[in-house]
Amino acid sequence: MNDPHKLKAPEKQSINFSFREKLNGMAEGFRHNYCYQCGACVADCPSSIYSNSFNPRLIILKALLGFEEELIKVDSEIWNCTNCYTCSERCPQEVRPVDVIIAMKNMCVAEGKAPELVTNVSDTVLTDGITTRITSVTERRRKELGLDPLKGYAIDEINKIIED
Ligand code: SF4
Ligand code: SF4
């Protein structure tokens, strides 16, 4: 039976160092270089528990080999990471797999390869300062519950933080 956690490598594989250089240039991306493939990051990873194909060790191995086309795309497995940081606590090498995954997610965004769901949320943060739009239904429910109307958000300040 096929093991989904095994890397299906072609017979001859050359390492794509230019991708690794690019990853090194992203915030925290350089950490992938420290991975010695022990697998400690996998055991408590919730995405690995619920998915047969998600595996942070394998993702870091693909980064080490420079599998750019597999990792940097709209439907890349990296988008199944919940950013829970459990792997970060388990890794003995301080790779912080989640930070490497975030670096690759940022790479996807920079190259226009992020899923629409993700870009919708980030657009809402930029325009409204929150991740979920406040609708008239929300306002009505708040009123019914005796809650104050929501105040405006400091969009200028949020954008300044993002720019800095
Ligand atoms: S941050 Fe991502 S890779 Fe790390 S344990 Fe959580 S879901 Fe798994
Ligand atoms: S725990 Fe750290 S060193 Fe071990 S496989 Fe995961 S990322 Fe690599």
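What counts, and at which threshold
- Residues numbered from 1 in each chain as written.
- Chains lettered and ligands numbered in written order.
- Predicted model: local features only at pLDDT ≥ 70, side-chain atom pairs only at ≥ 80, totals over all residues.
- Heavy atoms only, no water.
- Salt bridge = Lys/Arg side-chain N within 4 Å of Asp/Glu carboxyl O.
- Buried < 20%, exposed > 50% of the residue type's maximum accessible area, 1.4 Å probe, protein only.
- Helix = DSSP H or I, 4+ residues; strand = E, 2+ residues; numbered from the N terminus.
- Near = heavy atom within 4 Å.
- Nonpolar A, V, L, I, M, F, W, Y, C, P; charged D, E, K, R; others polar.
- Phe/Tyr/Trp six-rings, centres within 6.5 Å; stacked < 30°, edge-to-face > 60°.
- Domains from an automatic or database assignment.
- Axes fitted to C-alpha atoms, helices over the stretch in contact; angles between N-to-C directions.
- Parallel < 35°, antiparallel > 145°, perpendicular 65-115°, else oblique.
- Contact = heavy atoms within 4.5 Å.

Asks: Kindly report on the pattern of salt bridges, identifying the contributing residues and their values.
Replies: Tallied over the full model, the rule gives 14 salt bridges. A salt bridge links K113 to E111, with the shortest nitrogen-to-oxygen separation between them at 3.2 Å. Its relative accessible area of 32% is what places K113 among the partly exposed residues. Take E111: its relative accessible area is 32%, and that puts it in the partly exposed class. Residue R141 pairs with E144 through a salt bridge whose shortest N-O separation is 2.8 Å. Remark: E144 and R141 occur in helix α8 (residues 136–144); sequence separation between them is three residues, near one turn of the helix. Taking the relative accessible area as the measure of exposure, R141 reaches 42% and is therefore partly exposed. Taking relative accessible area as the criterion, E144 reaches 49% and is therefore assigned partly exposed. Here the residues in one salt-bridge network are K22, E68, E111 and K113, joined through shared partners.

Asks: Residue-level account of the site of ligand 2, with values.
Replies: Around ligand 2 sit 13 residues, and of these C35, C38, G39, C41 and C91 come closest. For the shell around ligand 2, the per-class residue count stands at nine nonpolar, three polar and one charged.

Asks: Run through the packing of aromatic side chains, naming residues and quoting values.
Replies: One pass over the full model with this rule turns up one aromatic pair. With a centroid separation of 5.9 Å and an interplanar angle of 80°, the aromatic rings of F30 and Y34 are classed as edge-to-face. Accessibility expressed as a relative area gives 37% for Y34, which makes it partly exposed.

Asks: So what's going on with the domain arrangement of the chain? Which residues, and what values?
Replies: Segmentation of the chain into domains returns domain 1 (17–110) and domain 2 (116–163). Summarising the inter-unit geometry, the C-alpha centres of domain 1 and domain 2 are found 30 Å apart.

Asks: Provide a residue-level description of the packing of helix α7 (residues 116–128) against helix α9 (residues 155–163), including the pertinent values.
Replies: Between α7 and α9, the least distance of the axes is 7 Å, while the angle of their chain directions is 125°. Taken together, the axis directions place α7 and α9 in an arrangement best described as oblique. Across from V125, L126, T127 and D128 in α7, the residues of α9 making contact are I155, I158, N159 and I162. Counted by class, the contact of α7 with α9 contains five nonpolar, two polar and one charged residues.

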